[in-house]
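Residue-level structural notes
What follows is each chain in one-letter form.
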Amino acid sequence: MFISFEGTEGVGKTTLIRTLYEYFQQQGKDVILTREPGGTPLAEQIRGLLLSVNHDEQMSSDTELLLMYAARAQHLEQVILPALAQGKIVLCDRFTDSSFAYQCAGRGLSREKLALLNENFVVKMPDVTFWLDAPIETGMSRARERGALDRFEQEKVSFFEKVRSGFVEIQQRESQRMKRLDATQAPEKVFADALTYLK
Ligand code: TYD
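Throughout this description, residue numbers start from 1 for each chain and increase along the sequence as written. A pLDDT threshold of at least 70 governs which residues receive local features in this predicted model, and a stricter bar of 80 or more applies before side-chain atom pairs are shown or counted, although totals over entire chains, interfaces and linings include all residues. For side-chain calculations, the full set of non-hydrogen atoms in the structure is used, while hydrogens and water are omitted.

1. What to know about the pairing of strand 1 (residues 2-6)
When you tally the buried positions in strand 1, you get five out of five residues, the bulk of the element. Across the two faces of strand 1 the burial is the same, with Phe2, Ser4 and Glu6 and Ile3 and Phe5 all buried. Pairing between strands is defined by DSSP: at least two bridges between them are needed. A helix here means a DSSP run of H or I that spans at least four residues, while a strand means a run of E at least two residues long, and both kinds are numbered starting from the N terminus. Relative to strand 3 (residues 89-93), strand 1 runs parallel, the two sharing four bridges. Among the inter-strand pairings, Ser4 is bridged to a residue of strand 3, identified as Cys92. One ladder, built from four bridges, connects strand 1 with strand 4 (residues 128-133); its direction is parallel. Along strand 4, the bridge assignment pairs Ile3 with Val128. Buried residues are those whose accessible area, probed at 1.4 Å on protein chains only, stays under 20% of the maximum for their type, while exposed residues exceed 50% and partly exposed ones sit between those limits.

2. As for the site of the ligand
As a matter of local geometry, the ligand sits amid 17 residues, with Glu9, Arg47, Arg94, Ser99 and Gln103 nearest to it. In this structure, Arg94 approaches the ligand through a side-chain N or O atom, which is 2.7 Å from an oxygen atom. In isolation the ligand has 540 Å² of accessible area, and contact with the protein removes 94% of it. Any residue that is not Ala, Val, Leu, Ile, Met, Phe, Trp, Tyr, Cys, Pro, Asp, Glu, Lys or Arg is counted as polar, Gly included; the first ten are nonpolar and the last four charged. Taken together, the residues that form the shell around the ligand break down as five nonpolar, three polar and nine charged. Here a residue counts as near a molecule or strand whenever at least one of its heavy atoms sits within 4 Å of it. Whenever a nitrogen or oxygen atom comes within 3.5 Å of another N or O atom, the pair is scored as a polar contact, on the condition that within protein one atom can donate a hydrogen and the other can accept it, and that pairs from neighbouring residues in sequence are kept only if both atoms are in side chains. Only the protein chains shown count as covering a residue, and every accessible area follows the Shrake-Rupley method with a 1.4 Å probe.

Have a look at this one:
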């Protein structure tokens, strides 16, 4: 089983993933926890490029998209596909839906570009995707409390509103795969909702 977790900044994805990871471990399941962009040493280096605010030039949206997919190709081949082949449960912090929400809905890149990459490089989609949804302001203040902001977190509220509308669109289009969780609730309640859905 391949489960991904999506949402805008500071909605509590990490907390939910960790709790689910521990839950599956206690159940004696073979489970791995991974993330995008990243998840392998090489893909983590690409993540560094993507999140860094220390570039002397502005990163173009196309470069951003292609780096996301370069990291994803590496991650799929090295980590996700082998783990699934071994019958493991894969918990992945973000996947292709983030590319749609951030690069298409947020940055304004065409769906055709994304479709081209998905068709050619994404051989496996998640079985279930949890979308943690909360008002943008709530998440942004949580992100600010965590310390220095990365290149995405430095974006304006209007950008994240567009990103959120991207997730809304995916949820409407793929309601079978994507489950919306109300992330304004207490973390225990978010976990309970996710577990009920999985069962
Ligand atoms: P992440 O560390 O999950 O951010 P956070 O913990 O703040 O939720 O992801 C890093 C950033 O990368 C995040 O701002 C969203 C962005 N991103 C994309 O823009 N496109 C993608 O395809 C992925 C996987 C992430």
